[in-house]
Amino acid sequence: MKITFVGHACFLLNGASNVIIDPFITGNPAAGAKPEDINADLILVSHGHADHLGDAVAIAKNCGATIVSVFEIANYCGRFGAQTHPMHIGGSNSFGPVQIKLTPALHGSGLPKEDGTIEYLGNPCGFIISMDGKTVYHSGDTGLFADMGLIGKRHPIDLALLPIGDNFTMGPEDALEAVKLLKPDTVIPMHYNTWPLIAQNPEKFKQEVERETPARVVVLSPGASYEL
Ligand code: NI
Ligand code: MN
């Protein structure tokens, strides 16, 4: 499976199926891609913040992909004419050669309406994605939680995609604890350096994780890929 870091929390997984996660491309200073270049079968949306929901509806309508998310976000995207598949935390389903399971995330989920109030879009989530004999965990935006140990025990993780930006999510020190709980083979950090507020040094995170755990950390620049 080829993993491409589009930037921020957006990854493209190309294998027996093509999956894009949190397709924030328009307005993402790190993204080199354009929404119209994306060709996916599935679009996974972890929560209803603009830097994750992003271009999901436009991409779905352009290439015919199905948006997979919690019920509330699926309902929201369906209102704009996108094809959707609602799920919820703890549930799993197969989409051809891909299995998707929704995991908990400690975060918020809502979009500002025209009157300035927030439309709430259910609970945020993470994803366990299994394809081509490999398992990838994308945590979504989240703080550290002890049940990450249960996630890693139930689903041995080949690759974990974890935020390290701090302020809105785990910072590097809590992400190190997350690695100890999840026990993945490989970690790719995300959700950092997109803006000054979430500036972090991923090489320092790599050094500390590789010193304290058996996991390997791969730091990808936006646009770069990793073969899993
Ligand atoms: Ni968020
Ligand atoms: Mn975010």
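Residues numbered from 1 in each chain as written. Chains lettered and ligands numbered in written order. Predicted model: local features only at pLDDT ≥ 70, side-chain atom pairs only at ≥ 80, totals over all residues. Heavy atoms only, no water.

Undergrad: For this particular structure, what's the right way to read the confidence of the model for the chain?
TA: Regions with low pLDDT should not have their predicted coordinates read in detail. Overall, the predicted model of the chain reaches an average pLDDT of 97, with 100% of residues at or above 70. Mean pLDDT across the elements of the chain bottoms out in strand E9 (residues 110-112) (96) and peaks in strand E13 (residues 159-163) (99). (pLDDT = per-residue confidence, 0-100. Helix = DSSP H or I, 4+ residues; strand = E, 2+ residues; numbered from the N terminus.)

Undergrad: Help me out: how do you make sense of the coordination of the manganese ion (ligand 2) in this one?
TA: Geometry sets the ideal angles at a metal, namely 109.5 degrees for four tetrahedral donors and 90 or 180 degrees for six octahedral donors. Protein coordination at the manganese ion (ligand 2): the donors are Asp-51 (OD), His-52 (NE2), Asp-141 (OD) and His-191 (NE2), at 2.2 to 2.3 Å from the metal. Expressed as a motif, the donor residue spacing for the manganese ion (ligand 2) is D-H-x88-D-x49-H. Here the manganese ion (ligand 2) and the nickel ion (ligand 1) are spaced 3.1 Å apart, and both take Asp-141 as a donor. (Donors = N, O, S within 2.8 Å, 3.2 Å for Na, K, Ca; no water.)

Undergrad: Would you mind showing me how to read helix H6 (residues 202-212) here?
TA: Along an α-helix, residues three or four positions apart point the same way, because every turn accommodates 3.6 residues. Every buried residue belonging to H6 is among Pro-202, Phe-205 and Val-209, and all of these are buried. Axial view of H6: buried residues confined to an arc of 55°, hence all on one face. Within H6, the exposed residues directed more than 90 degrees away from the buried face are Gln-207 and Arg-211. On the buried face of H6, the contacting elements are helix H5 (172-182), strand E14 (186-190) and strand E15 (216-217). Put simply, Asn-201 is the residue that caps the front of H6, since its side-chain oxygen is 2.9 Å from the backbone nitrogen of Glu-203. (Buried < 20%, exposed > 50% of the residue type's maximum accessible area, 1.4 Å probe, protein only. Arc of directions from axis to C-beta. Contact = heavy atoms within 4.5 Å. Polar contact = N/O pair within 3.5 Å; in protein donor to acceptor, adjacent residues only side chain to side chain.)

Undergrad: Would you take a moment to explain a nonpolar patch on the surface for this structure?
TA: A grouping of Phe-168, Trp-195 and Leu-197 is seen on the molecular surface, where their side chains present a nonpolar patch of about 310 Å² in accessible area. By relative accessible area, which is 52% here, Leu-197 ends up exposed. (Patch = residues over 30% accessible without salt bridge, like charges linked within 9 Å, V, L, I, M, F, W, Y side chains within 5 Å. Areas by Shrake-Rupley, 256 points an atom, 1.4 Å probe, with all protein chains shown as cover. Salt bridge = Lys/Arg side-chain N within 4 Å of Asp/Glu carboxyl O.)

Undergrad: Help me understand helix H2 (residues 56-63), please; the structure alone is not making it clear to me.
TA: Listed as buried for H2 are Ala-56, Val-57, Ile-59 and Ala-60. One side of H2 carries all its buried residues, which in axial view fall inside an arc of 165°. Contact partners of the buried residues in H2: strand E4 (42-44), helix H1 (50-53), strand E5 (66-70) and helix H3 (71-78). Among the residues trailing H2, Gly-64 stands out with phi positive, at a value near 80°.

Undergrad: Please clarify how the pattern of salt bridges should be interpreted in this entry.
TA: It is possible for side chains of opposite charge to pair when their charged atoms get near one another. On inspection of all chains with the given rule, the structure shows five salt bridges. Two residues, Lys-180 and Glu-212, come together in a salt bridge whose shortest N-O distance is 2.9 Å. One end of the pair, Lys-180, is in helix H5; the other, Glu-212, is in helix H6, with 32 residues separating them in the sequence. Note that Lys-206 is salt-bridged to Glu-210, the shortest N-O span being 3.1 Å. Note that Lys-206 and Glu-210 are positioned in helix H6 at a spacing of four residues, about one turn of the helix. Here the residues in one salt-bridge network are Glu-177, Lys-180 and Glu-212, joined through shared partners.

Undergrad: Explanation requested: the side chain of Asp-22 in the structure shown.
TA: As for its position among the elements, Asp-22 is in the loop between strand E3 (18-21) and E4. We note that Asp-22 is buried and unpaired, the nearest opposite charge coming from Arg-79 at a distance of 17 Å. Polar contacts involving the side chain of Asp-22 include one to the side chain of Ser-46, which spans 2.8 Å. Within the local environment of Asp-22, its side chain forms a polar contact with the side chain of His-52, the two groups lying 2.7 Å apart. In this structure, Asp-22 is in contact with Ala-9, Cys-10, Leu-44, Val-45, Ser-46, His-52 and His-138, ignoring residues within four places of it in sequence. (Lys, Arg positive; Asp, Glu negative; His and termini not counted.)

Undergrad: Mind showing me how you'd approach the coordination of the nickel ion (ligand 1) here?
TA: Donor atoms from the polypeptide that coordinate the nickel ion (ligand 1) comprise His-47 (NE2), His-49 (ND1), His-107 (NE2) and Asp-141 (OD), at 2.2 to 2.4 Å from the metal. Angles of 86 to 175° at the metal separate the four donor atoms of the nickel ion (ligand 1), which places the site in the irregular class. In primary-sequence terms, the residues that donate to the nickel ion (ligand 1) follow H-x1-H-x57-H-x33-D. Judged by relative accessible area, which is 2%, Asp-141 ranks as buried. (Tetrahedral: all angles 85-135°; square planar, octahedral: opposite > 155°, others 65-115°.)

Undergrad: Mind showing me how you'd approach the sheet that holds strand E6 (residues 84-87) here?
TA: Think of a sheet as strands paired side by side through backbone hydrogen bonds, with each pair either parallel or antiparallel. Pairing in this open sheet of seven strands is mixed, and the strands run E6-E5-E4-E3-E2-E1-E16 from one edge to the other. With partners counted over all chains shown, the strands left at the sheet margins are E6 and strand E16 (225-227), one partner each. Between one strand axis and the next, the sheet turns by 20° as a mean value, whatever way the strands run. Two elements, E5 and E6, share four bridges in a ladder whose sense is parallel. (Pairing = 2+ DSSP bridges. Axes fitted to C-alpha atoms, helices over the stretch in contact; angles between N-to-C directions.)

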